[in-house]
Amino acid sequence: MDHPPTRPTVLIAEELSPAAIEVLSADFALTSVDGADRAALLPALADADAVIVRSATQIDAEAVAAGPRLRVVARAGVGLDNIDVEAATSAGVLVVNAPTSNITSAAEHAIALMLACIRHIPAANASLKSGEWKRSRFTGMELAGKTVGLLGLGRIGQLVAARLAGFEVTLLAYDPYVPAARAGQLGARLVSLEELLAGSDVLSIHLPKTPETLGLLGERELSLVKPGVRIVNAARGGLIDEPALAVAIKEGRVAGAAIDVFATEPCTDSPVFGYESVVVTPHLGASTTEAQEKAGTAVARSVRLALRGEFVPDAVNVQAGGPVAEDLRPGLPLMEMLGRVFTGLAEGVPASLTVEVRGEIAAYDVSILQLAALKGLFTDVVEEQVTYVNAPLLAAQRDVEVRLVATEESPEYRNLLSVRGTLATGEQVSVSGTLAGTRQVAKITEVNDYGVEIAPTEHLAFFTYHDEPGIVGKVGNILGGAGVNIAGMQVARQGRGGHALMVLTVDSALPAATLTEITETIGAHSGRKVDLVDR
C-alpha cells in the first residue's frame, strides 16, 4: 500500500501570530519548541525542514549542523544578529527575514522617543505620580525651527523624515549611499558626518549595525556635537559608545538622549541610566501588534516559497541583484533543468561555464538565472542539497569559471536560455531551451549545436551517431525488449550522411545496460541519459 508523502516540518521556535500559523498549517507539519532552551532546540532541529525564530533563539553553526534537513531559517523580524548567516550559507540553508515588517513601527517609535526626550515626559510622569507638582523643572524644547540630523536615510530614516516634515524642522542627513536628489525629495540636505554633528539640535540614528557603523558615535564624535544636542537611537545597539555618551551628558555637551537599543541585550544596567535626561525603552521599536503580525506572515510566506523550491524575494544570502521580476520567474525552473541536462551530457562539472540569456527578459537583472543554472548543474553531482545559496560556493570550490551573458537580441525565439561549457578535456557541451506559447511550456531547443524542439520529461536519453538507415528501428527494438516505452523521439542532423543526434523522452528510467546496448548497437559516439527526478 502506498503511503502519502511526508509533509515538510516547520519548527516554530518562538511565538507566531495566528495569521502566520494559518499560512503554514495547510501545507506543512508544524512543531514547536522553546528556542531559548538550547537543550530542547538542538534535538528538535534534527527533523526540521525549516525553523522560524524571533530574537531569543540563537541559530549558530552548532544549530545549523544539528538540522541536516534544514532548507530555510526564517527570522520573524529585521535583524539577523542571532543567526550565523555564514554557517547557514555554507550548508546551503536559505536565510530569510521580514525587512519591511517593522519600519513604520520603528519610525514612529523614534519620533515618540524624540518628543519624550525634548519634553521630559517620562521624568515628569514619574515626578507627578510620586506626588510632586514641579512644572518649571521640566521645561522642554520645541521641535519647530530646530535642526534635526538623521544618521542614515534608508527605509526607516526616510519614514522619519516624512513624519518630521509636519514639525517645521530643518533636516540634515548623513548617508554615503543615498543620492543628494533623493534626500532633497524628502526635504533633507546631505552633509558630511562632521557637519551633521556640529549643526544638529537633535540627532536621530537610523543605520544598520555593520563593522563600519559599530561605535560610530564615540568619544571623538561626541566632542564635535552642537552643545545641548539630544540624541535618539532606535536603530541598533552598539552604534553609540554608551560610556562615552554618559560622560558627554555628565559634562553637559549632550543635553539628553533617548535610547531603545543597547550594545548588549537584555540590558538592565548602563552608564546612561543614571541621568534623568535620558529616556530608555527595552528595544520596543518593533513591538507593536501590527509589526509582529506583518513579520510573522511575511516569513511564513517566505518559508512556504522556499519549501516549494521557489525563489524567495526576502532571502538575505542569495547572490542575486535584488527582487526577481515577474517575467523572470518562469525561467527559473527551465534554467535549472538546463543545468541538470548539461551535467548529464557532460558527465561531470565543466572547467568553465557560460550562462546565456537572450531576448526580452535580458532587459532585467538576470543574475538569478545564473544561480538557477548552477543549482541545476550541481544537483546530481554532490550529495548535499543544492540551493540558490550554496551553488556559487560549490562552483568556487571546484574552480568552475562562471560567466553570465545577456543580450536582448534573439532572432529565433522571444526568449532563449542557454548553458554552455568547456570540459577539462577541451570538449564543448551546450544545451538551450525556451518557454513556448501562452502556457509557457518548457522546450529544449538545442543540444551541442543540434537544433531540436522537444518537451522534456523526467527521463531523457541522448545519442550522437553517424546518420544511416535503420537506426530508429534498432533503438525502438532494444527499448521494447527492455520494457521501456518511448514517449517522444526527435532526430536532428548536421547534414545527410553526417553526424546525427537522437533525443528520447521515455516513461521510465533507462537501465545502464540498455543505454550501453543501444550505444554499441548503433555505433554511437556518445550515449547519455538524464533523469530529472527530484532527489
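Starting from 1, residues in each chain are numbered consecutively following that chain's sequence as written. Per-residue local features are limited, in this predicted model, to residues with pLDDT of at least 70; the limit for side-chain atom pairs, both in listing and counting, is 80 or more; totals at the level of whole chains, interfaces and linings are taken over all residues. Working from all heavy atoms in the structure, the side-chain values ignore hydrogens and water.

What follows covers the sheet that holds strand S2 (residues 29–32). Here, a strand pair is defined by DSSP locating no fewer than two bridges between the strands. Runs of H or I in DSSP of at least four residues are treated as helices and runs of E of at least two as strands, each being numbered from the N terminus. Read from one edge of the open sheet, five strands run S2-S1-S3-S4-S5, paired in parallel fashion. The sheet is open, and its two edges are formed by S2 and strand S5 (94–96), each paired on a single side. The sheet shows a mean angle of 20° between the axes of neighbouring strands, taken without regard to direction. Taken together, the three bridges between strand S1 (residues 9–12) and strand S3 (residues 50–53) define a ladder with parallel strand orientation. Residue pairing across strands places Ile12 opposite Ile52, the latter belonging to S3. A fitted line through C-alpha atoms serves as each axis, taken over the contacting stretch for helices, and the angle formed by two N-to-C directions is quoted from 0 to 180°.

This next bit is on the pairing of strand S16 (residues 428–436). Of the strand pairs in this sheet, strand S15 (residues 415–422) and S16 are connected by six bridges, and their pairing is antiparallel. Each residue of the ladder has a partner; that of Leu417, found in S16, is Gly433. Turn length for the S15-S16 hairpin, with the two strands adjacent in sequence and antiparallel, is five residues, and the turn residue Gly426 shows positive phi of about 95°. Judged from the six bridges that link them, S16 and strand S17 (residues 441–447) form a sheet pairing that is antiparallel. Counted as the bridge partner of Ala436 is Val441 from S17. A loop of four residues connects S16 with S17, the two strands running antiparallel in sequence, and Gly437 in this loop sits at a positive phi of about 75°.

Glancing now at the sheet that holds strand S7 (residues 170–174). A sheet is described by the order of its strands in space; here seven strands give the open sequence S8-S7-S6-S9-S10-S11-S12, paired in parallel fashion. Every other strand in the sheet has two partners, leaving strand S8 (188–190) and strand S12 (278–280) as the edge strands with one partner each. For this sheet the average axis-to-axis angle between neighbouring strands, irrespective of direction, equals 20°. In the sheet, strand S10 (residues 229–233) pairs with strand S11 (residues 254–259) via five bridges, with the strands oriented parallel. Each residue of the ladder has a partner; that of Asn233, found in S11, is Ile259.

What follows deals with the pattern of salt bridges. When a carboxyl oxygen of Asp or Glu lies within 4 Å of a side-chain nitrogen of Lys or Arg, that pair is called a salt bridge. Evaluation of the coordinates by the stated rule reveals 21 salt bridges. Notably, a salt bridge pairs Arg358 with Glu356, separated by 3.1 Å at the nearest N-O pair. The structure contains a network of salt bridges with shared partners spanning Glu132, Lys134, Arg137 and Glu276.

Pairing of aromatic rings covers Phe, Tyr and Trp, the last counted by its six-membered ring, and requires centre-to-centre distances within 6.5 Å; plane angles under 30 degrees mean stacked, over 60 mean edge-to-face, and any other angle means tilted. This model, assessed by the stated rule, comprises one aromatic pair. A ring pair is formed by Phe262 and Phe273, whose centres lie 5.7 Å apart and whose planes are at 90°; its orientation type is edge-to-face. Remark: Phe273 occurs in the loop between S11 and S12 and Phe262 occurs in the loop between S11 and S12; sequence separation between them is 11 residues. Judged by relative accessible area, which is 6%, Phe262 ranks as buried. For Phe273, a relative accessible area of 32% gives the class partly exposed. The buried label goes to any residue with under 20% of its type's maximum accessible area, the exposed label to any with over 50%, and the partly exposed label to all in between, with areas taken from a 1.4 Å probe on protein chains only.

Within the secondary structure, Leu207 sits in the loop between strand S9 (202–205) and helix H10 (219–222). Leu207 sits in the buried class, given a relative accessible area of 12%. A sequence separation of 52 residues divides Leu207 from Arg155, and the C-alpha atoms of the two residues are 9.9 Å apart.

This part is about the nonpolar core. Residues belong to a common nonpolar core when they are buried Ala, Val, Leu, Ile, Met, Phe, Trp, Tyr or Cys residues joined through side-chain atoms within 4.5 Å. Ranked by internal contacts, the top residues of the largest apolar core, which has 76 residues, are Met335, Val341 and Leu369. Once residues within four sequence positions are removed from consideration, Leu369 is found in contact with Leu328, Gly331, Leu332, Met335, Val355, Val357, Ile361 and Leu417. Leu172, Leu193, Ile205 and Val272 belong to the second largest nonpolar core, which has 29 residues in total. Contacts were defined at the residue level, with two residues in contact if any of their heavy atoms lie within 4.5 Å.

Below, the discussion takes up unusual backbone geometry. Here the amide bond leading from Glu265 into Pro266 is cis, since omega sits at 0°, within 30 degrees of zero. Tracing the backbone shows Pro266 in the loop between S11 and S12.

What follows is about helix H16 (residues 471–481). Spacing of three or four residues puts side chains on the same side of an α-helix, whose turn is 3.6 residues. If you check which residues of H16 are buried, you get Ile471, Val475, Ile478 and Leu479. Seen from one end, H16 has its buried residues packed into an arc of 95°, which puts them on one side. For H16, exposure combined with an orientation more than 90 degrees from the buried face picks out Asn477, Gly480 and Gly481. Of the residues trailing H16, Gly483 is marked for its positive phi of about 75°. The arc in question is the one spanned by the directions pointing from the helix axis to the C-beta atoms.

Okay, the side chain of Ser410 next. Here Ser410 shows up in the loop between strand S14 (401–407) and S15. Polar contacts involving the side chain of Ser410 include one to the main-chain carbonyl oxygen of Tyr413, which spans 2.5 Å. Setting aside its immediate chain neighbours within four residues, Ser410 contacts Arg358, Gly359 and Leu416. Under this definition, polar contacts are N or O atom pairs within 3.5 Å; protein pairs additionally need one hydrogen-donor-capable and one acceptor-capable atom, and for neighbouring residues in sequence, both atoms have to be side-chain atoms.

Our next topic: the environment of Thr521. Counting through the fold element by element, Thr521 comes out in helix H17 (residues 512–521). Residue Thr521 is classed as partly exposed on the basis of its relative accessible area of 38%. When the C-alpha atoms of Thr521 and Val475 are compared, they prove to be 8.4 Å apart, with 46 residues separating the residues in sequence.

A few words on helix H12 (residues 289–307). In this model H12 runs 27 Å from its N-terminal to its C-terminal C-alpha over 19 residues, within 8% of the 27 Å that 1.5 Å per residue would give. Regarding H12, the residues found buried are Ala291, Ala295, Gly296, Thr297, Ala298, Val299, Ala300, Ser302, Val303, Ala306 and Leu307. Each element contacted by the buried residues of H12 is listed here: S1, helix H1 (18–25), S3, strand S4 (72–75), S5 and helix H5 (103–118). After H12 finishes, the residue Gly309 shows a positive phi value of roughly 80°. A helix is expected to span 1.5 Å for every residue after the first.

Below, the discussion takes up the pairing of S15. Across the eight residues that make up S15, a large majority, six, are buried. In this structure, strand S13 (residues 352–359) lies alongside S15, joined through eight bridges in antiparallel fashion. Paired with Leu353 across the bridge in S15 is Gly421.

Moving on, we come to the environment of Thr457. Examined against the element boundaries, Thr457 turns out to sit in the loop between strand S18 (450–454) and strand S19 (459–466). Along the backbone, Thr457 and Ser508 are 51 residues apart, and their C-alpha atoms lie at a distance of 9.8 Å. When neighbours within four sequence positions are excluded, Thr457 is seen to be in contact with Thr505, Val506 and Leu532. For Thr457, the side chain forms a polar contact with the main-chain oxygen of His459, separated by 3.2 Å.

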